[in-house]
Amino acid sequence: SAVISQKPSRDICQRGTSLTIQCQVDSQVTMMFWYRQQPGQSLTLIATANQGSEATYESGFVIDKFPISRPNLTFSTLTVSNMSPEDSSIYLCSVEGDRNRYEQYFGPGTRLTVT
Amino acid sequence: GIQVEQSPPDLILQEGANSTLRCNFSDSVNNLQWFHQNPWGQLINLFYIPSGTKQNGRLSATTVATERYSLLYISSSQTTDSGVYFCAVERNGSGNTGKLIFGQGTTLQVKP
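Quantities reported herein were computed from a predicted structural model and do not represent experimental measurements.

K.L.:
Quick rundown of the overall build of chain B? Include the residues and the values.
P.N.:
On a plain count of helices and strands, chain B comes out with zero helices and 11 strands. Beginning at the N terminus, the succession of helices and strands in chain B can be written as β-β-β-β-β-β-β-β-β-β-β. In terms of C-alpha radius of gyration, chain B reaches 14 Å, essentially the compact-globule figure of 13 Å for 112 residues. Intrachain contacts of chain B at a sequence separation of at least 6 include 57% that bridge at least 24 residues. For chain B, the computed accessible surface area is about 5,200 Å², with 48% contributed by carbon and sulfur atoms. With 7 positive and 7 negative side-chain charges, chain B shows a spacing of 4 Å between the two charge centroids.

This is how it looks when you write it as structure tokens:
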């Protein structure tokens, strides 16, 4: 499976600021996904990021709050804008499998705390 | 949308014990995966199993798609099995978009 890295691994930010999270994959993938995991909760899909097209957002998530870039087949960024304490979560990127595109593999996550 | 329910929500085992985790889903699916989230937050893909049975070491999984449930078996549990186990599905007919819906998870604690 692909090796996925995320930066930063964790951060503490002040409300009203923005943070950009990077997701890097060691092989080319078509589909990348961004998820949010609020404290003690399950994972919720934020958006799908395919190279060469605009990200597709799930209900409850908007581009102004979570702008996403996908400049090539190995990299994506998610920005959490104008943060509030409710944005404190783990943010994870995932990619399709290289042998089975329906399997998903996750990065290590970015643990964000907003004060 | 599709509902994914996992049971039990919490489970405490003594090392060496066996366990069965269950995932029920409310609609037909074309994708079902089991993940383990370790105490450090890393999600590990255990099985891709939209139907049938698979085994990998001490873990095995069975999905009965017609009855809309999946089971994850852990045998001879070890302390390293501790963490949260998630079932995630994609509803059949959604176009194989890869958009997974996660259950709420089963939190497993294995005591030495």
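K.L.:
Would you mind going over the packing of aromatic side chains in detail, with residue names and values included?
P.N.:
Two numbers describe a pair of aromatic rings. These are the distance of the centres and the angle of the planes. Applying the stated criterion to the full structure yields eight aromatic pairs over all chains. The interplanar angle of 80° and the centroid separation of 6.1 Å between the aromatic rings of F106(A) and F102(B) together place this pair among those described as edge-to-face. Here F102(B) lies in strand β10 (residues 101-102) and F106(A) lies in strand β10 (residues 104-106), a pairing that spans two chains. A residue is classified by how much of its surface remains accessible, and F106(A), at 7% relative accessible area, is buried. Assessed through its relative accessible area of 6%, F102(B) is described here as buried. The rings of Y35(A), F106(A), F35(B), F86(B) and F102(B) are connected pair by pair, giving a single aromatic cluster. When the ring centre of Y69(B) is taken as reference, the NZ or CZ atom of R22(B) above it lies at 4.2 Å.

K.L.:
Can you lay out the pairing of strand β1 (residues 4-7) of chain B for me, pointing to particular residues and giving the numbers?
P.N.:
All names here are of chain B. Of the two faces of β1, only the one carrying V4 and Q6 is buried; E5 and S7 on the other face are not. In the sheet, β1 pairs with strand β3 (residues 19-25) via four bridges, with the strands oriented antiparallel. Bridge assignment links S7 to a residue of β3, and that residue is R22.

K.L.:
Any chance you could break down the sheet that holds strand β7 (residues 59-64) of chain B for me, citing the residues and the numbers?
P.N.:
All names here are of chain B. Pairing in this open sheet of five strands is antiparallel, and the strands run β1-β3-β8-β7-β6 from one edge to the other. The open sheet has two free edges, formed respectively by β1 and β6 (52-56), since each of these has just one partner strand. For this sheet, the mean inter-axis angle between neighbouring strands, taken without regard to orientation, is 15°.

K.L.:
Quick rundown of the interface of chain B and chain A? Include the residues and the values.
P.N.:
Listed by partner, the interface residues are 19 residues for chain B and 22 residues for chain A. The junction of chain B with chain A conceals about 1,700 Å² of combined surface from both sides, 49% of it contributed by carbon and sulfur atoms. Its largest share of buried area at the contact with chain A, chain B owes to Y48(B), K99(B) and F102(B), together 27% of the area lost on that side. At the boundary of chain B and chain A, one finds one salt bridge. Put simply, chain B and chain A have nine residue pairs in polar contact (both at pLDDT 80 or more) between them. Listed by contribution, the elements that provide at least two residues to the side of chain B that touches chain A are β4 (29-37) and β5 (43-48) of chain B. It is β4(B) that provides the largest number of residues to the side of chain B that touches chain A, a total of four residues. For the side of chain B that touches chain A, the class distribution of residues is seven nonpolar, 11 polar and one charged.

K.L.:
Outline unusual backbone geometry, listing residues and values.
P.N.:
For residues that are not glycine, phi is negative in most cases, and the peptide bond is trans in most cases. In the segment running from K7(A) into P8(A), the intervening peptide bond is cis, with an omega of -10°. Residue placement: P8(A) occurs in the loop between β1 (4-7) and β2 (10-13). Residue P8(B) is bonded to the preceding S7(B) through a cis peptide linkage, with omega at -10°. As for its placement among the helices and strands, P8(B) is situated in the loop between β1 and β2 (10-14). In this structure, R68(B) takes a positive phi of about 60° despite not being glycine.

Here is what the cut-offs are and how they apply
- Residues numbered from 1 in each chain as written.
- Chains lettered and ligands numbered in written order.
- Predicted model: local features only at pLDDT ≥ 70, side-chain atom pairs only at ≥ 80, totals over all residues.
- Heavy atoms only, no water.
- Helix = DSSP H or I, 4+ residues; strand = E, 2+ residues; numbered from the N terminus.
- Rg over C-alpha atoms; globule rule 2.2 N^0.38 Å.
- Contact = heavy atoms within 4.5 Å.
- Areas by Shrake-Rupley, 256 points an atom, 1.4 Å probe, with all protein chains shown as cover.
- Lys, Arg positive; Asp, Glu negative; His and termini not counted.
- Charge placed at Lys NZ, Arg CZ, Asp CG, Glu CD.
- Phe/Tyr/Trp six-rings, centres within 6.5 Å; stacked < 30°, edge-to-face > 60°.
- Buried < 20%, exposed > 50% of the residue type's maximum accessible area, 1.4 Å probe, protein only.
- Lys NZ or Arg CZ within 6 Å of the ring centre and 35° of its normal.
- Pairing = 2+ DSSP bridges.
- Axes fitted to C-alpha atoms, helices over the stretch in contact; angles between N-to-C directions.
- Buried area = accessible area lost by both parts, 1.4 Å probe.
- Salt bridge = Lys/Arg side-chain N within 4 Å of Asp/Glu carboxyl O.
- Polar contact = N/O pair within 3.5 Å; in protein donor to acceptor, adjacent residues only side chain to side chain.
- Nonpolar A, V, L, I, M, F, W, Y, C, P; charged D, E, K, R; others polar.

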